Amino acid sequence: MRKVQLGDSNLYVSELALGCMSLGTERKQANYIIDQALDYGINYLDTADLYDQGRNEEIVGEAIKKRRNDIVLATKVGNHLKEDGSWYWDPSKAYIKSQVKSSLKRLQTDHIDLYQLHGGTIEDPIDETIEAFEELVEEGGVIRYYGISSIRPNVIKQFVNKASIQSVMMQYSIFDRRAEEEILPLLQKQKISVVTRGGSLAKGMLTKDALSITQAKAQKGYLDYRQDELLSTIKQLIDLLNSDQTLTGLAIQYALQNGGAVSSIVAGGASSSTQLSENVKALEQSFTTAQLEQVAHIAKQNKYEKHR
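These lines cover the structure that appears in this document, whether it is placed above or below. (Residues numbered from 1 in each chain as written. Predicted model: local features only at pLDDT ≥ 70, side-chain atom pairs only at ≥ 80, totals over all residues. Heavy atoms only, no water.)

Brief notes about the overall build of the protein chain
Piece 1. Looking only at helices and strands, one finds 12 helices and 12 strands in the protein chain.
Piece 2. For 308 residues, the compact-globule estimate of 2.2 N^0.38 gives 19 Å, and the C-alpha radius of gyration of the protein chain, at 19 Å, lies within 12% of that figure.
Piece 3. If you line up the protein chain on its principal axes, its C-alpha atoms span 55 × 40 × 40 Å.
Piece 4. A separation of at least 24 residues holds for 73% of the contacts in the protein chain among residues at least 6 apart in sequence.
Piece 5. With an accessible surface of roughly 13700 Å², the protein chain has 45% of that area assigned to carbon and sulfur atoms.
Piece 6. Charge separation in the protein chain, taken as the distance between the mean sites of 36 positive and 40 negative side-chain charges, equals 3 Å. (Helix = DSSP H or I, 4+ residues; strand = E, 2+ residues; numbered from the N terminus. Rg over C-alpha atoms; globule rule 2.2 N^0.38 Å. Contact = heavy atoms within 4.5 Å. Areas by Shrake-Rupley, 256 points an atom, 1.4 Å probe, with all protein chains shown as cover. Lys, Arg positive; Asp, Glu negative; His and termini not counted. Charge placed at Lys NZ, Arg CZ, Asp CG, Glu CD.)

This is the structure we're talking about:
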């Protein structure tokens, strides 16, 4: 699988990442999916301290400890877990610098390749937050690089202007193109990579089950799409496909090529080896420039564009 540079760092990540949130807590099954992902050539694994109250990091750490040097390991911080299982937002320097130690222990490693702020608001002590990440980079490479996972333009801009982030993880897909006008050009100019998360497949509405999933939503839509608009758009997208192409492949390639993303964490929904295999096969499909341009044309007809 092709590897691409993350930001201007020394990290080269697979175009398809394994988002580990949906692995579950059954260790044997999780290990199987992780091993399968690595065998496919996926070297980029993403987790978070919040997932399953830290259990996800433990499972990932156990699964990769014998192959740690082959992996770009990313995790996230900022959601302060309480003993009762609840959490609150805490981007403070003190919490970030203490929590990284817990993540390192759970992950059974001495360093994290990419440490990401797991959210963010404009009211946060942003300078203090950035200082925490910068110090962790400087303190013997506890973390190699850092980034942010956010969909808030005003927060992203603050980190672009003030921090040495290498990546922004965000929701971006054919159905969610909010970042295209302002944020994507800014990140591309600053050589900051985009990592798309599970939203690339729009909760399954850009997969082989697109029509049935969308119809099952009754009268509910998605973002600014009504259900009828979703169904109409999906049918137009399906009409673009050749016999050897899938909607999943189109969605992944649109995110990677049109959005300038370096890695798509669409495997975040891979709670089974079958789903992971389908996503890998989808990545291998090729689409013409004309097809991708037509996707953009179809997408521009949605309600979000009309009411922009």
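That was the structure; now back to the text.
Things to note about the pattern of salt bridges
Piece 1. Within the structure shown, the criterion is met by 19 salt bridges.
Piece 2. The salt bridge involving Arg68 is made with Asp113; its shortest N-O contact spans 3.1 Å. Here Arg68 is found in the loop between α2 (55–64) and β5 (72–77), whereas its partner Asp113 is found in strand β8 (residues 112–118), with 45 residues between them in sequence. With respect to class, Arg68 is no different from Asp113; both count as buried.
Piece 3. A salt bridge links Arg177 to Glu180; the shortest N-O distance between them is 3.0 Å. Across this residue pair, the class does not change: Arg177 and Glu180 are buried.
Piece 4. Beyond isolated ion pairs, a larger network of salt bridges with shared partners links Lys93, Lys97, Glu131, Glu135 and Glu139. (Salt bridge = Lys/Arg side-chain N within 4 Å of Asp/Glu carboxyl O. Buried < 20%, exposed > 50% of the residue type's maximum accessible area, 1.4 Å probe, protein only.)

Considerations on the packing of aromatic side chains
Piece 1. In this structure the tally under the stated criterion is 5 aromatic pairs.
Piece 2. With a centroid separation of 5.7 Å and 65 degrees between ring planes, the pair formed by Tyr115 and Phe133 is classed as edge-to-face. Within this pair, whereas Tyr115 is found in strand β8, its partner Phe133 is found in helix α4 (residues 126–138), the two being separated by 18 residues in sequence. Pair check on accessibility: Tyr115 and Phe133 agree, each one buried.
Piece 3. Taken together, Tyr115, Phe133 and Tyr146 form an aromatic cluster joined through their ring pairs. (Phe/Tyr/Trp six-rings, centres within 6.5 Å; stacked < 30°, edge-to-face > 60°.)

Quick notes on the nonpolar core
Piece 1. Counting 81 residues, the largest nonpolar core has Leu45, Met170, Ile174 and Phe175 as the members making the most contacts within it.
Piece 2. Here this core takes 7 residues from helix α9 (residues 247–258), the largest share from any one element.
Piece 3. Setting aside anything within four residues of it in sequence, one finds Met170 in contact with Ser150, Ile156, Ala179, Ile183, Leu184, Leu187, Val194, Val195, Thr196 and Arg197.
Piece 4. Residues Val4, Leu11, Val72 and Val262 belong to the second largest nonpolar core, which totals 13 residues. (Core = buried A, V, L, I, M, F, W, Y, C linked by side-chain atoms within 4.5 Å.)

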